[in-house]
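What follows is the residue order along each chain.
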Amino acid sequence: MVSSVIISTAVVIVTSTMMMMLFSLAKAISSPSSSTDEAEALRSTGWWNSTSAHCHWDGVYCNNAGRVTGIALNGSGKELGELSKLEFSSFPSLVELNLCACGLNGSIPHQIGTLTQLTVLSLHDNNLTGEIPLSLANLTQLLYLTLCSNPLHGSIPPEIGKMKNLIFLDLGYSNLIGVIPSSFGNLTTLTTLYLDGNQISGLIPPQIGKMKNLKSLLLSHNGLHGPIPPEIGEMKNLNKLNLGYNNLTGVIPSSFGNLTNMNSLSFRGNQISGFIPLEIWYLLNLSYLDLSENQISGFIPEEIVNLKKLSHLDMSNNLISGKIPSQLGNLKEVKYFNLSHNNLSGTIPYSISSNYNKWTLIDLSNNRLEGQTRAPVEAFGHNKGLCGEIKGRPRCKKRHQITLIIVVSLSTTLLLSIAILGFLFHKRRIRKNQLLETTKVKNGDLFSIWDFDGVIAYQDIIQATEDFDIKYCIGTGGYGSVYRAQLPSGKVVALKKLHGWERGDPTYLKSFENEVQMLTRIRHRNIVKLHGFCLHKRCMFLVYKYMEKGSLYCMLRDEVEAVELDWIKRVNVVKSIANALSYMHHDCDLPIIHRDISSNNILLDSKLEAFVSDFGTARLLDNDSSNRTLLVGTYGYIAPELAYTMVVTEKCDIYSFGMVALET
């Protein structure tokens, strides 16, 4: 009896052990792939050609257990082909997938929803087609999602509203249609939402007002219609709002007065009517305001003087009437000032007419202004009541009468006649000297040309490039095209010229103005030198020292030229960049943060000495400010913490510098 019990117990134990082994085997077969399987899955894509351990491949990152946690090939220059080559189910530990600007095509596979640990998904600037898969809603840990600049189609899945951990969402310029899902109101942790440049229609859902942490909202260049929801006024952390170029109607809600953190506000190109609510003029942090191309009426109140930080004001092409408040000329930060094509009347305040040249652009044309002014016709043209001593404008009657009286009086007095003759003789001598100097300057040094006579410099440049003929174009930058020009003196310069369509875009114009402002205040041997600039609504360009070897990015990727850049020269390139950043961060009155340090923005001269360029996104670091910013720069070089904190510091440049140093 006892022996049978022992035998039975042994059978049970053996059976249990075998069951556990079978269970473990079944679990191993059905469990996520091993590190070896991950390596095979990566190799099968054809994106890498290496025999070393996969954790050491470019753009592959692993944890201590050897499992792949990150795939980042952004900026690698590879043409990856179809995204479906990547077997997503083989990477259960993946937290970052960054394949932006990698030549991806085809659709986004629904299997991407198996990457349940993913926190960063960046597929922007590719050729991905098809619809956004509903399986993205499975990525509940996702913080950062960018699909912008892809030729997708279809609507935005409402299921995205379930991704409640999202902080950054960019679906801009992706050919999307349909409406903005009301479920977006559930994304209460979101700080950035870009849906601009699509074909989205319908109303702006009022539920969007629930996104209390949102700081930047871009809905421009779509087909949205209807009124602006007053619920947007509840988003008190909002600092940038662009609703431009839609079909929005109605009035600007007075609730916008609650947006006290607002820095940039644009309603450009809609059908908004009514008065501008008085509350707008109490948004004390506002630096950019664009209300142009609407049907806004009423007048400009004196309260506009409250906007001490305002640098860009565009209210053109509206129905605004009344007088221009004299306080407007006291706004010291304003550089762009456009009130053209309205019904403004009265005289131009002295604070504006006497200081018109302090603005980068001022345009009060096509109104009903009157009185005397010395400003150019281009700035104040098509105002029938204006007069002055400027060609193309009628002379003021009162001044004309005084001139006649003076001429008659002088003709009766011999002494005064002699004085006039002496004055004329002296003036003739001065003009003769000017003509001689003009001839010398026209074919002389660039500094003289620019400082003495901008017209002559402009003519030299137009002739040297045959009016910016494409055969002189040597490349393109973050904005505009770059031309090579040889002046009559033999000096060769580089010209960065804004395209016609860019001149009408506030973003590109602001980058242009910012680059001028930054480069005119700094001087360093390793920062590209700005010789001059032309800022006119018909033609805008910057004049730089010409860099014979082009960008560091291009040189590193040219097999022939890369040999010339030996180890010693590469070390010197890194030192030069470090010297420039040290100067910008520590030797300026206020630290300057470049925000876009990348190999594309490092230029090399004939001696392979490096120069930091492209200051379009640079900004001053103010210790008395929060220094919050938008996410700008070149992906792959941006400090990761910037995407979460949106606070710019010197460390952002240092991270980018480190990436360039590794690349070099």
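Residues numbered from 1 in each chain as written. Predicted model: local features only at pLDDT ≥ 70, side-chain atom pairs only at ≥ 80, totals over all residues. Heavy atoms only, no water.

The protein has the name non-specific serine/threonine protein kinase in an unreviewed UniProt entry, where Vitis vinifera is given as its organism. For the record of the protein, the UniProt heading Sequence similarities (unreviewed entry) holds the text "Belongs to the RLP family." UniProt's Subcellular location (unreviewed entry) comment on the protein is quoted here verbatim: "Membrane". (UniProt positions renumbered as here; feature names shortened; annotations may be inferred.)

(A) Representation of the sheet that holds strand E13 (residues 223-226) in the model. A sheet is described by the order of its strands in space; here three strands give the open sequence E11-E13-E15, paired in parallel fashion. Edge positions in the sheet fall to strand E11 (201-202) and strand E15 (247-248), since each of these pairs with one other strand and no more. Of the strand pairs in this sheet, E13 and E15 are connected by two bridges, and their pairing is parallel. The partner of His225 across the bridge, within E15, is Asn247. (Pairing = 2+ DSSP bridges. Helix = DSSP H or I, 4+ residues; strand = E, 2+ residues; numbered from the N terminus.)

(B) Main features of the pairing of strand E25 (residues 368-372). Summarising the sheet, strand E23 (residues 343-347) and E25 pair through three bridges and their orientation is parallel. In the sheet register, Gly346 faces E25, and the bridge partner there is Leu369. As defined by bridge partners, E25 adjoins strand E26 (residues 385-387) across three bridges and the pair is classed as parallel. Within E26, the residue paired with Gly371 across the bridge is Leu386.

(C) Region of the structure containing unusual backbone geometry. Positioned with a positive phi, Phe468 is a non-glycine residue whose angle comes to about 60°. Assignment of secondary structure puts Phe468 in the loop between helix H8 (454-464) and strand E27 (473-476). The phi dihedral of Leu608 is positive, around 65°, even though this residue is not glycine. Mapped onto the secondary structure, Leu608 falls in the loop between strand E34 (602-604) and strand E35 (610-612).

(D) A positive patch on the surface, seen in detail. On the surface, Lys308, Lys332, Lys335 and Lys358 cluster together into a patch of positive charge. Here Lys358 is to be found in the loop between helix H3 (350-353) and strand E24 (361-363). (Patch = residues over 30% accessible without salt bridge, like charges linked within 9 Å, V, L, I, M, F, W, Y side chains within 5 Å. Areas by Shrake-Rupley, 256 points an atom, 1.4 Å probe, with all protein chains shown as cover. Salt bridge = Lys/Arg side-chain N within 4 Å of Asp/Glu carboxyl O. Lys, Arg positive; Asp, Glu negative; His and termini not counted. Charge placed at Lys NZ, Arg CZ, Asp CG, Glu CD.)

(E) Here's a closer look at the pattern of salt bridges. All told, the structure shown has 12 salt bridges when counted by the stated rule. Residue Arg67 pairs with Glu38 through a salt bridge whose shortest N-O separation is 3.4 Å. Placement of Arg67 in the loop between strand E1 (60-62) and strand E2 (68-72) and of Glu38 in helix H2 (residues 35-44) is noted, with a sequence separation of 29 residues between them. By relative accessible area, Glu38 is classed as buried at 0%. Of the charged contacts in the structure, one is a salt bridge between Glu466 and Lys471, with a shortest N-O distance of 3.2 Å. Taking relative accessible area as the criterion, Lys471 reaches 56% and is therefore assigned exposed. Here the residues in one salt-bridge network are Arg268, Asp290, Glu293 and Asp314, joined through shared partners. (Buried < 20%, exposed > 50% of the residue type's maximum accessible area, 1.4 Å probe, protein only.)

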